[in-house]
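Descriptive analysis of the structure
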Amino acid sequence: MIKKVRRHIVQDEPLLFEISSPGKKAYQLPELDVPAVDAVEALGAANVRSEIEGFPEVSEVENIRHYTRLSTWNFAIDLGLYPLGSCTMKYNPRINELVARTEGLAWGHPYQPEELSQGAFQILATLEKYLCECTGMDAITLQPAAGAHGEMTGLLLVRKYLESLGNPRKKVLVPDSAHGTNPATAAMVGYEVVSVKSNDHGMIDLAALEAATDEDVAALMVTNPNTIGVFERDIVKAAAILHAKGAQMYMDGANMNALVGICRPGDFGIDVMHMNLHKTFSTPHGGGGPGAGPVAIKKHLEPFLPVPRLKRIGRKYSHDYDRPQSIGKVRAFYGNFGVLVRALAYILAHGGPGLRNATIDALLNAQFIRKGLEPYFDLPVTEPTMHEVVFSHDRQEAKGVKTGDMAKRLIDYGFHAYTTSFPLIVHGAMMIEPTETEPKRELELFIDAMISIAKEVDEDPQLVIKAPHLTRTPRVDETLAARRPIVRWKP
Amino acid sequence: MYPENFRYTKEHEWVKVEGAMATIGITHHAQSELGDIVYVDLPKVGTTVEQGKTFGSVESVKAVSDIYAPVSGEVTAINEALNTTPEKLNADPHGDAWLIKIKLSNASQVDSLMSTADYQAYLGS
């Protein structure tokens, strides 16, 4: 009987648990040449757990093949356009990796003496300086490890600052177009969340903002450009409304890639903001490496920044822990150093004019997609598009096809799905962000794929509703998975 | 579709008042917009809810949405069945899948809510 009829990489892959065979090992250690130590005796019974039952036992080659095969099933930015709106899935330039692998940086350790860390400190100080210049802010902490972590750090700064004035206040305002992390952060920091409605242009409604802003408001958390990819053109007026009541302007800098080199949050009234180095500054997302969510602030918030701060005396850098008003530590050591190195490499490789060009290209690419798809999909907000464009599935819904169905069909065309059902203020949102790194040819392939899907919806909606068809696994039941999650494998 | 003895909010909750007691839920329109509901977060019995303020949330495959109290009062019962069978909210939002029952603290608040005809007109707009 012929068992193997297809290439390895198109075979289904069992779990390691399923190919486990007792006694197999992926390593070989030399014979023990010292007396064996009993772990319970040495560490105490409380610190030793019994053997993990059912742990997979496989050889090295089985282990390597398993993960290598799985890796070929992934979609990645290195394979094609990844138009996941709001996530800014831009290409990660290889120069970043080259620099991060420099021996002294890759092997540096946060516990090595400060005298031996001067180069690393200089990298951090240089990145701080450039990020302040990009944002128009006065000072920055590089420590937060992700965007939401940055949000929390930023709001803790606001809280501590307001406390120093005698009253931490009670409420944080969040537009109804906000990322879900914004209200979550405000709640975590102990504030009541008040949602502010957007107007017909998808922007903050100044009248609603004015009505909601009183002496109990600690801050407004605003994203600019907002999640519809529209610049909040009344941002200066919004800042004035907040500042008149003594409240702070927090900016979610998730969409900073639409501003770099063109305009600066510090110049339009922002007091505190985070940015995502893994978005705007091209460091890897998710599995490709940890994130980084630096928080930049205006002078009045500086005393409260997390410890340690970088201090420079003459030519020598050191860590400064003597900051009595600091909110304390938010992260081990000084943040995700390897990510920070990559971000600086990106900034230096581009230079000022290059960063500005990247921003312009990001906007141009989003415009190109908007113009290509506007005849085929509803566009509820027609304000000028910045770095991303949000269509609605309304026209296709008449045929029973929703945003999630078309996103799944897109997989069959060889692209990653766009963002579905977000932002919430657009009915059946289809949120597309190409980023600046996409060549025109790739954008045209994507537009052709979307037009083709729109035609399929007209001619054969079931084809789209049942997509994807060309993947290893057909449509999975997301609802069942969410209602009855099985989080542990059992034989 | 929308019972005549209910009153409705712009955020798509309904309330049915019986004497000093009221039952609160989300509307058919709300469940249809949310899609398949996978989790319902409700307050504890004995807590108070305030008109216009959020008292819980509904999570669907698409998003988590706050639920706002149509009227103020003290929670006297919650629909425990939704913990294990949130899908009931898709199937019977105006009946079996009520969310909470409260003892009204200010019955006149009901007058500020939409009638069935008003709500249907609101949906149509």
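Positions within a chain are numbered from 1, following the residues in the order the chain's sequence is written. The order in which chains are written sets their letters, starting at A; the order in which ligands are written sets their numbers, starting at 1. For a predicted model such as this one, the threshold for reporting local features is a pLDDT of at least 70, and the threshold for listing and counting side-chain atom pairs is 80 or more; totals across whole chains, interfaces and linings nevertheless cover every residue.

1. Here we look at the overall build of chain A
In terms of helices and strands, chain A carries 15 helices and twelve strands. The size measure is the radius of gyration over C-alpha atoms, and the globule rule it meets is 2.2 Å times the number of residues to the 0.38 power. Its C-alpha radius of gyration of 26 Å places chain A within 12% of the 23 Å reference for a compact globule of 491 residues. Seen through its C-alpha atoms, chain A measures out along the principal axes to roughly 80 × 70 × 45 Å. Counting only residues that meet the buried cut, chain A has 40% of its 491 residues in that class. The secondary structure listing takes helices from DSSP runs of H or I that are at least 4 residues long and strands from runs of E that are at least 2 residues long, numbered from the N terminus. A residue is called partly exposed when the number of other C-beta atoms within 10 Å of its own lies between 12 and 20, exposed at 12 or fewer, and buried at 20 or more, with C-beta atoms placed from the backbone.

2. Re the sheet that holds strand 7 (residues 64-68) of chain B
Residues and elements named next belong to chain B. Two strands are said to pair when DSSP picks up at least two bridges between them. With antiparallel pairing, three strands are arranged side by side in an open sheet as 4-6-7. Each of the sheet's edge strands pairs with one partner strand only, and the pair in question is strand 4 (37-41) and strand 7. The mean angle between the axes of side-by-side strands here comes to 25 degrees, regardless of whether they run parallel or antiparallel. Axis definition: a line fitted to C-alpha atoms, limited for helices to the stretch in contact. Angles are taken between N-to-C directions and run from 0 to 180 degrees.

3. Description of the domain arrangement of chain A
Domains assigned within chain A are domain 1 (8-73), domain 2 (95-349) and domain 3 (354-481). These domain boundaries are the output of an automatic or database domain assignment. Centre-to-centre separation of domain 1 of chain A and domain 3 of chain A, based on C-alpha positions: 42 Å.

4. Examining the interface of chain B and chain A
Facing the seven residues of chain B at the interface are six residues of chain A. We call Asp, Glu, Lys and Arg charged. Ala, Val, Leu, Ile, Met, Phe, Trp, Tyr, Cys and Pro are nonpolar, and the rest, Gly among them, are polar. Broken down by class, the residue content of the side of chain B that touches chain A amounts to four nonpolar, no polar and three charged. Whether two residues are in contact depends on their C-beta atoms, placed from the backbone: they are in contact if these lie within 7 Å.

5. A closer look at the sheet that holds strand 3 (residues 21-26) of chain B
Residues and elements named next belong to chain B. Ordered by their spatial adjacency, six strands build an open sheet running 1-2-3-9-8-5, and the pairing between neighbours is antiparallel. Each edge of the sheet is formed by a strand with only one pairing partner; in this case those strands are strand 1 (7-8) and strand 5 (48-49). Pairing geometry for strand 3 and strand 9 (residues 100-104), over four bridges, is antiparallel. Its bridge partner being in strand 9, alanine 22 is matched across the sheet by isoleucine 102.

6. Examining the environment of B:Asn83
All names here are of chain B. For asparagine 83, the position within the fold is in helix 2 (residues 81-84). When the 12 C-beta atoms within 10 Å are taken as the criterion, asparagine 83 is described as exposed. Expressed as a C-alpha distance, the spacing of asparagine 83 and aspartate 111, which sit 28 residues apart in the sequence, is 32 Å.

7. A few points about the nonpolar core
Residue and element names in this part refer to chain A. Counting residues in each nonpolar core, the largest one holds 108 residues, and the members touching the most others are Ala219, Leu220, Tyr250, Leu340 and Ala343. When residues are assigned to domains, this core turns out to be shared by domain 2 (95-349) and domain 3 (354-481), each giving three or more. Discounting residues that sit within four places of it in the chain, leucine 340 has contacts with Leu124, Leu127, Leu142, Ala292 and Gly335. Each nonpolar core reported here comprises buried Ala, Val, Leu, Ile, Met, Phe, Trp, Tyr and Cys residues connected via C-beta atoms within 7 Å.

8. Things to note about the pairing of strand 6 (residues 272-275) of chain A
Residues and elements named next belong to chain A. Alternating positions in strand 6 separate into two faces, Val272 and His274 on one and Met273 and Met275 on the other, with burial throughout. Pairing between strand 5 (residues 248-253) and strand 6: four bridges, direction parallel. Of the residues in strand 6, the one forming a bridge with methionine 251 is methionine 273. As judged from the three bridges shared by strand 6 and strand 7 (residues 295-297), these two strands associate in the antiparallel manner. Residue pairing for strand 7: valine 272 is matched across the bridge by isoleucine 297.

9. Thoughts on unusual backbone geometry
Residue and element names in this part refer to chain A. For the peptide bond that leads from asparagine 224 to proline 225, omega is -10 degrees, which places it in the cis range. Its place among the elements puts proline 225 in the loop between strand 4 (217-223) and helix 9 (235-244). With an omega of 0 degrees, the peptide bond running from phenylalanine 422 to proline 423 counts as cis. Checked against the element boundaries, proline 423 lands in the loop between strand 11 (419-420) and strand 12 (429-432). Located in the positive-phi region is threonine 435, a residue other than glycine, with phi close to 70 degrees. Among the residues examined, threonine 435 registers 25 C-beta atoms within 10 Å and is labelled buried.

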